[in-house]
Amino acid sequence: MREYIKEYQKMRENHLKDWGYYADPIDWQEFEESNKRIFEKYLTDSKVLSDKVLRVKLYSSLLLDDIKYFAYYVAFLNGDYKQLNNALWQIGREKLIRGGLLASGTIYTDGILRGLFTSFACNDFSVIPSFIPKDLPLLKGTYYPENVINLLHALYYQEEDRLSESIILAQQFLDKKKRTGMEEFSVRYFISLSRKDVVGISEALQSLCIAYQRRGYPFERIDKCFADEVHGLYRLVKYFDHSMFEKVSMPSHKTFLQDFEKWQVRNQFPQGQQFYIYPQDMDDANKMLTNGLPRIYVEKSGRDLVIDDDRFAVDLSQLI
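Residues numbered from 1 in each chain as written. Predicted model: local features only at pLDDT ≥ 70, side-chain atom pairs only at ≥ 80, totals over all residues. Heavy atoms only, no water.

A.B. asks: Looking at this structure, how should I read the overall build of the protein?
C.D. replies: The helix and strand inventory of the protein stands at 17 helices and two strands. In terms of overall dimensions, the protein has C-alpha extents of about 55 × 45 × 40 Å along its principal axes. Contacts spanning at least 24 positions in sequence make up 68% of the contacts within the protein whose residues lie at least 6 apart. Accessible surface, the protein as shown: approximately 15,200 Å² in total, 48% of it carbon and sulfur. (Helix = DSSP H or I, 4+ residues; strand = E, 2+ residues; numbered from the N terminus. Contact = heavy atoms within 4.5 Å. Areas by Shrake-Rupley, 256 points an atom, 1.4 Å probe, with all protein chains shown as cover.)

Take a look at the structure:
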């Protein structure tokens, strides 16, 4: 995708101009050199080696995060949709791991939603039970992620009564709250999906592409070039109802890659795999990505429910 490649290269040059060095790798050699620097500077200390919980937190925030722009850049530069599918898998996993490790004042954050939707874009729906466990209580619906999770939970576990309650809460959110385009049309999409409203789904997906480019801080220009999450929502329709998926209109917008979706059809919607396998001395990164995601647990914080990020970190550390 030309616009993404252009923005990536511009981002490199801007960083050089502002800070005197390139922050983002231009090729595989620079990428691996960057990983090596991070690993040797932060992840070989005796304290890190002896503390598994600290180790997974640093691996997540430093090493795994280092791939986020580079993976898409490489796939677009090569025009390789298989690479892109694998990049979506790894970036989706990284977002979810980070979301589970970071404490937040609300139970679900934008980051976790982005991780789920990015995973869906490479046909990986196995992440749902880990981050939307069956015993999750109905959330208040105060914020848009809570409404999205309520509706997705009810659909995934096929709970009609809960679905009805979730739709009511979501509609109240739309009626009463001031919201951004991403917030409004994400909720509208899930209401339409719940009602099997093909027209509503199609309109919400198109509107989400437009809203994707209008996002403000902390999103950069490069973040608005490729609507990976909208691809995930488009593919989620197929997961729930293949016949309905065939009736939904594919978004027509420069952030949505229709050729990638045609590639998906030709290749029978393959699930993504690990994009980059780390060398042996960094094998903990491979284990964090591939050994399965621990499920989240929630706890009370005042009147609100939050994710028990300490437990998530411990459970993740046991995987390595």
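Next comes the rest of the description.
A.B. asks: Hey, could you run me through the environment of serine 164 in this one?
C.D. replies: Mapped onto the secondary structure, serine 164 falls in helix α10 (residues 160-176). For the pair serine 164 and leucine 151, spaced 13 residues apart in sequence, the C-alpha separation works out to 9.0 Å.

A.B. asks: Even after reading the chapter, I still don't get the nonpolar core, so can you show me in this structure?
C.D. replies: One recurring pattern in soluble globular proteins: nonpolar side chains tend to sit buried together. Residues Tyr4, Leu116, Tyr189 and Phe190 are the most contacted members of the largest nonpolar core, which totals 103 residues. Apart from the residues lying within four places of it in its own chain, the contact partners of tyrosine 4 are Lys68, Tyr69, Tyr72, Tyr73, Phe76, Ile222, Cys225 and Phe226. (Core = buried A, V, L, I, M, F, W, Y, C linked by side-chain atoms within 4.5 Å. Buried < 20%, exposed > 50% of the residue type's maximum accessible area, 1.4 Å probe, protein only.)

A.B. asks: Explain the pairing of strand β2 (residues 304-307) here, please?
C.D. replies: Note on strand geometry: in a regular strand, side chains alternate between the two faces of the sheet. Pairing between strand β1 (residues 298-301) and β2: four bridges, direction antiparallel. Across the sheet, residue valine 298 finds its bridge partner in β2, namely isoleucine 307. As consecutive antiparallel partners, β1 and β2 are separated by two residues, and within that stretch glycine 302 has a phi angle of approximately 65°, a positive value. (Pairing = 2+ DSSP bridges.)

A.B. asks: Looking at this structure, how should I read the packing of helix α9 (residues 144-156) against α10?
C.D. replies: Each pair of packed helices can be described by the angle between their axes along with the distance between the axes. One way to put it is that α9 packs onto α10 with a least axis distance of 9 Å and a crossing angle of 160°. As judged from the angle between their axes, α9 and α10 are roughly antiparallel. Judged by the sense of rotation from one axis to the other, the crossing of α9 with α10 is left-handed. In this structure, α9 uses Tyr144, Asn147, Asn150, Leu151, His153, Ala154 and Leu155 to contact α10, whose residues at the interface are Arg162, Leu163, Ser166, Ile167, Leu169, Ala170 and Phe173. Classifying every residue of the contact of α9 with α10 by side-chain character gives nine nonpolar, four polar and one charged. (Axes fitted to C-alpha atoms, helices over the stretch in contact; angles between N-to-C directions. Parallel < 35°, antiparallel > 145°, perpendicular 65-115°, else oblique. Left-handed = near helix turned anticlockwise from the far one by under 90°. Nonpolar A, V, L, I, M, F, W, Y, C, P; charged D, E, K, R; others polar.)

A.B. asks: What should I look at first to understand the side chain of glutamate 7 in this one?
C.D. replies: Checked against the element boundaries, glutamate 7 lands in helix α1 (residues 2-19). Contacts of glutamate 7, omitting those with residues within four sequence positions, involve Arg221, Ile222 and Cys225.

A.B. asks: Would you mind showing me how to read the pattern of salt bridges here?
C.D. replies: A side chain of one charge can pair with a side chain of the opposite charge when the charged atoms of the two come close. In this structure the tally under the stated criterion is 19 salt bridges. With a closest N to O distance of 3.0 Å, arginine 93 and aspartate 124 form a salt bridge. Separated by 31 residues along the polypeptide, arginine 93 in helix α6 (residues 81-101) and aspartate 124 in the loop between α7 (110-120) and α8 (128-131) bring together distant segments of the chain. Judged by relative accessible area, which is 8%, arginine 93 ranks as buried. We note a salt bridge from glutamate 159 to lysine 134, for which the minimum N-O separation is 3.5 Å. You can see glutamate 159 sitting in the loop between α9 and α10 and its partner lysine 134 sitting in the loop between α8 and α9, a full 25 residues away along the chain. (Salt bridge = Lys/Arg side-chain N within 4 Å of Asp/Glu carboxyl O.)

A.B. asks: Teacher, can you tell me more about unusual backbone geometry here?
C.D. replies: With glycine set apart, most residues show a phi of negative sign, and most peptide bonds adopt trans. Across the junction of tyrosine 217 and proline 218, the peptide omega takes the value 10°, indicating a cis bond. Non-glycine residue glutamine 158 carries a positive phi angle of around 55°. Within the secondary structure, glutamine 158 sits in the loop between α9 and α10. Residues other than glycine seldom take positive phi values, yet phenylalanine 269 does so here, at roughly 55°. Summarising the element assignment, phenylalanine 269 is placed in the loop between α15 (258-266) and α16 (283-290).

A.B. asks: Would you explain the packing of aromatic side chains in this entry?
C.D. replies: Given two aromatic rings, one states the distance between the centres and the angle between the planes to describe the pair. What the rule picks out here adds up to 26 aromatic pairs. Summarising the aromatic geometry, the rings of tryptophan 28 and phenylalanine 70 are spaced 5.2 Å apart at their centres and angled 90° between planes, so their arrangement reads as edge-to-face. Here tryptophan 28 is found in helix α2 (residues 28-42), whereas its partner phenylalanine 70 is found in helix α5 (residues 68-78), with 42 residues between them in sequence. You can call tryptophan 28 partly exposed: its relative accessible area is 33%. Members of the aromatic cluster, each reached through a chain of ring pairs, are Phe117, Phe120, Phe125, Tyr189, Phe190, Tyr239 and Phe240. Sitting over the face of the ring of tyrosine 22, arginine 12 holds its NZ or CZ atom 3.9 Å from the ring centroid. Directly above the aromatic system of tyrosine 297 lies the positively charged group of arginine 295, at a separation of 4.0 Å from the ring centroid. (Phe/Tyr/Trp six-rings, centres within 6.5 Å; stacked < 30°, edge-to-face > 60°. Lys NZ or Arg CZ within 6 Å of the ring centre and 35° of its normal.)

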